[in-house]
Each structure stands twice: as C-alpha cells, then as structure tokens.
There are 2 protein chains.
Amino acid sequence: MTATQPSSAWNIQQRPAAMTRRYEFASYAETRTFLDQLAALSERTGLHPNLNFARNHVSVSINAEGDALTDAEYAYAAEADTFAQQ
Amino acid sequence: MTATQPSSAWNIQQRPAAMTRRYEFASYAETRTFLDQLAALSERTGLHPNLNFARNHVSVSINAEGDALTDAEYAYAAEADTFAQQ
C-alpha cells in the first residue's frame, strides 16, 4: 500500500524519524474545526501526534514509533493536509 | 477582584511573565474532555493560551499579554485546575 503523499510543506527529519508541519487559520473556530477532525482521525487510526496550538495556528508533530515513519504516519499527514486544505 | 488561586503546581516565571502547567490523563477521552472545556473557557474569556497535547497529557502555557499576569489569566489557570480536578 503506497502512502498517500503529504504536502512538501512537511518538515521531515531522520534521527529520530519525525515529521512536523504548522498550519495557520483565520479564526479560532477554524482552528477548533481542524483540531476536532484530527481528534477523530486519531481515534480512527490510533495515532496520536503531538499537537501544539493557540488561537490561529496548529503545529502537528508525528514522531515515528519505530526507526522510520510508516505508511500510516504518512497517510495521517496527508489527511491532515486535506482537512486544512493547505 | 482577587484572582481565584491556581494550584501551586503551576510554574510561574517573570521575564517574560508566563505560567505553565502539565496535566496527565488516564485516557485520550479524558484528554479531549479537558481540551473541550478549555476551548469553551477560551471562547468565554477571550484568552487563548498555548496548548500542547498528545494522547495522555496537556501542557497549558499562559503568556501574559502585558508585563505581568493579570487576574483574568490567574483565573483561567484556576479554572483549568478545576476542570482537571488536579
């Protein structure tokens, strides 16, 4: 199963394997909508990235459980991009 | 109006004026309940602390808008303690 491709806006690092991205939103309501979508995605996938947010931004940090990022983790990132339409 | 007293578990710093605290939760469901309560509190108060969370923890960072923390910011912290019962 090839991973859906996340946006090139993701910052991918190797040791330790992780990927991070910051999203900006025009309002707190939009920020909350995005957070709710990520929460539902976490419940569906069992993946719980570290999320850092305030009124108008959300930073998502996906830390690989093993030595390398998996298809599931790449797919989570790609789906987050879709939610944010960014 | 004297601020309701936040727990001594808060880490308070001066320059820049800020207060932070980390809460631990037994399940992701509890973490989400706490986050939803904070979101509603933010909408009521207009204060949007920086929140950092994953499956079982939430770190709240309240950065003073001015030079010093205000009663409203202390009250936010005290209310967060109440929500978390910690």
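All of these numbers come straight from a predicted model, not from anything done at the bench.

A.B. asks: Explain the relation of the copies chain A and chain B here, please?
C.D. replies: Mapping one chain copy onto the other needs a rotation about an axis and a shift along that axis. Placing chain A over chain B gives an RMSD of 0.0 Å and needs a rotation angle of 180 degrees, together with 0.0 Å of translation along the axis. What the rotation and shift describe, once combined, is the action of a two-fold rotation axis. In terms of proximity to the rotation axis, the leading residue of chain A is Asn 52 of chain A, whose C-alpha is 2.1 Å off the axis. Of the interface residues in chain A, 100% have counterparts in chain B that sit at the interface too, so the contact is made through matching surfaces.

A.B. asks: Explain the pattern of salt bridges to me, please; I cannot follow it from the model alone.
C.D. replies: Two side chains that carry opposite charge are able to pair once their charged atoms sit near each other. Residues and elements named next belong to chain B. Summed over the entire model, instances satisfying the criterion amount to eight salt bridges over all chains. In this structure, the salt-bridge partner of Glu 79 is Arg 44, at a minimum N-O distance of 3.1 Å. Taken as a pair, Glu 79 in helix H2 (residues 71–84) and Arg 44 in helix H1 (residues 28–45) lie far apart in primary sequence, 35 residues in all. We classify Glu 79 as partly exposed; its relative accessible area is 32%. In this structure Arg 44 comes out as exposed when scored by relative accessible area, which is 56%.

A.B. asks: Even after reading the chapter, I still don't get the interface of chain A and chain B, so can you show me in this structure?
C.D. replies: As a measure of interface size, the accessible area lost when the parts come together is often cited. In this assembly, 18 residues from chain A lie in contact with 18 residues from chain B. When the buried area of chain A at its contact with chain B is split by residue, Tyr 28, His 48 and Phe 53 of chain A rank highest and sum to 36% of it. In this assembly, chain A and chain B are joined by two salt bridges. Our enumeration of links across chain A and chain B arrives at eight residue pairs in polar contact (both at pLDDT 80 or more). Looking at the side of chain A that touches chain B, the elements with two or more residues in it are helix H1 (28–45) and strand E3 (50–53) of chain A. The class makeup of the residues in the side of chain A that touches chain B is eight nonpolar, six polar and four charged. Taken together, the three bridges between E3 of chain A and strand E3 (residues 50–53) of chain B define a ladder with antiparallel strand orientation. Following the sheet pairing, Phe 53 of chain A is matched in E3 of chain B by Leu 51 of chain B.

A.B. asks: What am I meant to see in the environment of Asn 11 of chain A here?
C.D. replies: All names here are of chain A. Within the fold, Asn 11 resides in strand E1 (residues 11–13). Counting along the chain gives 19 residues from Asn 11 to Glu 30, while the straight-line C-alpha distance between them is 23 Å. Each residue touching Asn 11, except ones within four places of it in the same chain, is listed here: Ala 18, Met 19 and Thr 20.

A.B. asks: Got a minute to help me understand unusual backbone geometry in this structure?
C.D. replies: Across residues other than glycine, the phi torsion is negative in most instances, and most of the peptide bonds are trans. All names here are of chain A. A cis amide bond, omega 0 degrees, links Arg 15 with the succeeding residue Pro 16. Inspection of the secondary structure assignment puts Pro 16 in the loop between E1 and strand E2 (18–24). Although it is not a glycine, Gln 85 sits at a positive phi angle of roughly 50 degrees. For Gln 85, the position within the fold is in the segment after helix H2 (71–84). You can call Gln 85 exposed: its relative accessible area is 72%.

About the criteria used
Residues numbered from 1 in each chain as written. Chains lettered and ligands numbered in written order. Predicted model: local features only at pLDDT ≥ 70, side-chain atom pairs only at ≥ 80, totals over all residues. Heavy atoms only, no water. Least-squares fit on C-alpha atoms with pLDDT ≥ 70 in both. Contact = heavy atoms within 4.5 Å. Salt bridge = Lys/Arg side-chain N within 4 Å of Asp/Glu carboxyl O. Helix = DSSP H or I, 4+ residues; strand = E, 2+ residues; numbered from the N terminus. Buried < 20%, exposed > 50% of the residue type's maximum accessible area, 1.4 Å probe, protein only. Buried area = accessible area lost by both parts, 1.4 Å probe. Polar contact = N/O pair within 3.5 Å; in protein donor to acceptor, adjacent residues only side chain to side chain. Nonpolar A, V, L, I, M, F, W, Y, C, P; charged D, E, K, R; others polar. Pairing = 2+ DSSP bridges.

Shape is all these values report; function is a separate question.
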